[in-house]
Amino acid sequence: MATTPRTERAAAAPSAEPLPDFAGVDVRLLAARTDHAVLGEVATLLLRNWPTGDEAVAYYEDGPGKLPR
């Protein structure tokens, strides 16, 4: 049986650089003003699924890490 060689790239090593903080981005304004088709669709989907303050829930597992005992 012949095999086809894999062509995906090897996974990159994790970076120690922190991700940028986009907490201050106004997603409603972004959805209304962007002319980028994909970004506009993603922003619209985010807004459609955005929980209200009453629906938002955080779990212990969502935290940055467990404290040592």
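Note that the structure is a prediction, hence the values are computed from the model and not measured. (Residues numbered from 1 in each chain as written. Predicted model: local features only at pLDDT ≥ 70, side-chain atom pairs only at ≥ 80, totals over all residues. Heavy atoms only, no water.)

## Thoughts on the overall build of the protein
For the protein, the helix and strand inventory stands at two helices and zero strands. The buried share of the protein, reckoned over its 69 residues, is 4%. Carbon and sulfur atoms make up 57% of the accessible area of the protein, which totals about 7300 Å². (Helix = DSSP H or I, 4+ residues; strand = E, 2+ residues; numbered from the N terminus. Buried < 20%, exposed > 50% of the residue type's maximum accessible area, 1.4 Å probe, protein only. Areas by Shrake-Rupley, 256 points an atom, 1.4 Å probe, with all protein chains shown as cover.)

## Quick look at a nonpolar patch on the surface
A cluster of nonpolar side chains, contributed by Phe22, Val25, Leu30 and Leu39, occupies part of the molecular surface with about 340 Å² of accessible area. When you line up the elements, Leu39 lands in helix α2 (residues 37-49). Accessibility expressed as a relative area gives 36% for Leu39, which makes it partly exposed. (Patch = residues over 30% accessible without salt bridge, like charges linked within 9 Å, V, L, I, M, F, W, Y side chains within 5 Å. Salt bridge = Lys/Arg side-chain N within 4 Å of Asp/Glu carboxyl O.)

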